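Residues per chain, in single letters:
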Amino acid sequence: MEVNFDKAKDGLVPAIIQDASTKNVLMLGYMNEEALKKTQLTKRVTFYSRSKRRLWTKGEESGNFLNLVAIGNDCDKDTLLIRANPMGPTCHTGTDTCWGEKNEQDFGFISELEELIAQRKEEAIKEPSLRENDKSYVVSLFDKGINKIAQKVGEEAVEVVIEAKDDNDDLFLNESADLLFHYLILLQAKGYQLNDVVKLLRERHN
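Residues numbered from 1 in each chain as written. Predicted model: local features only at pLDDT ≥ 70, side-chain atom pairs only at ≥ 80, totals over all residues. Heavy atoms only, no water.

Attention now goes to the packing of aromatic side chains. Each aromatic ring pair is described using two quantities: the centre-to-centre distance and the angle formed by the ring planes. Tallied over the full model, the rule gives one aromatic pair. Here the guanidinium or amino end of Arg 44 rests over the ring plane of Phe 65, the centre of that ring lying 3.8 Å away. (Phe/Tyr/Trp six-rings, centres within 6.5 Å; stacked < 30°, edge-to-face > 60°. Lys NZ or Arg CZ within 6 Å of the ring centre and 35° of its normal.)

Here it is in structure tokens:
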């Protein structure tokens, strides 16, 4: 991998650190040629500290190392993307990232949908007179309880199997969407989220 250190100021190139699993950006550091070589050799992300004026391995004091997974270079060969597995909080303040965000898996629209379902679950706990939306389908499912929610998941699963045997892709995709939607509701009813399932799958994979 060719890195243009001569182009960079003081021979330092930016190194963006990304969690290899969640894909979240954890921090930004700087590397010189020596820091990059040490990172590749030890498999622990090492920077050049501009304040200490020396090489600095992330976690050398806290134990919160960044274990190297892969290194990528940008089109201009002067910015690195480091994929790593963090051994704890990345920021010196104790937060997961240097932007104070939690390093959790985000599934885009699916995560937004989970948040909405969680809100509906909270609405179902309230007295009817205090609810913001009594006509919500999701609220009505939570009102009916776990047995009804589980039943709906079973019904939708059967529909997916039926449509999988036919040639109507639109019906198959629609039934698949219904199944996923009701499964997310079931997870919330049981006190879980999709992240919990993904975590278990990742542990099995490892």
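Per the UniProt record, the feature "domain: Phosphoribosyl-AMP cyclohydrolase" (unreviewed entry) sits at residues 27–99. With 14% helix and 38% strand, residues 27–99 has its two end C-alpha atoms placed 8 Å apart. (UniProt positions renumbered as here; feature names shortened; annotations may be inferred. Helix = DSSP H or I, 4+ residues; strand = E, 2+ residues; numbered from the N terminus.)

For the rest of this paragraph, the subject is unusual backbone geometry. One non-glycine residue, Lys 23, adopts positive backbone phi at about 70°. Here Lys 23 shows up in the loop between β1 (13–19) and β2 (25–31).

The next thing to look at is the layout of surface pockets. Size it by volume and the largest pocket reaches roughly 430 Å³. Along the walls of the largest pocket sit 15 residues, with Thr 22, Asn 103, Gln 105, Lys 199 and Arg 202 positioned nearest its centre. Counting residues per element, the ones that place at least two in the lining of the largest pocket are β6 (80–86) and α6 (194–205). Considering each element in turn, the lining of the largest pocket owes the most residues, four residues, to α6. Of the residues assigned to the lining of the largest pocket, the class counts are one nonpolar, nine polar and five charged. Taken as a whole, the second largest pocket holds about 370 Å³ of empty space. Lining the second largest pocket are 21 residues, and of these Met 27, Phe 47, Trp 56, Lys 58 and His 92 sit closest to its centre. At the level of elements, β2, β3 (46–49) and β4 (54–57) are the ones that each hand at least two residues to the lining of the second largest pocket. Sort the elements by how many residues they give to the lining of the second largest pocket and β2 lands first, with four residues. Looking at the lining of the second largest pocket residue by residue, the class counts come to eight nonpolar, nine polar and four charged. (1 Å grid on protein atoms, 1.4 Å probe; cavity = no way out; pocket = protein on both sides within 12 Å on 5 of 7 lines; lining within 4 Å. Points joined across faces, edges and corners; volume = space filled by probe spheres on them. Nonpolar A, V, L, I, M, F, W, Y, C, P; charged D, E, K, R; others polar.)

Here we take up helix α1 (residues 33–42). Within the span of α1, buried status applies to Ala 35, Leu 36 and Thr 39. Along the long axis of α1, the arc covered by the buried residues comes to 100°, so they all point the same way. Exposed residues pointing more than 90 degrees away from the buried face of α1 are listed as Glu 34, Lys 37 and Leu 41. Tucked inside the fold, the buried residues of α1 contact β2, β3, β4, β5 (66–73) and β6. (Buried < 20%, exposed > 50% of the residue type's maximum accessible area, 1.4 Å probe, protein only. Arc of directions from axis to C-beta. Contact = heavy atoms within 4.5 Å.)

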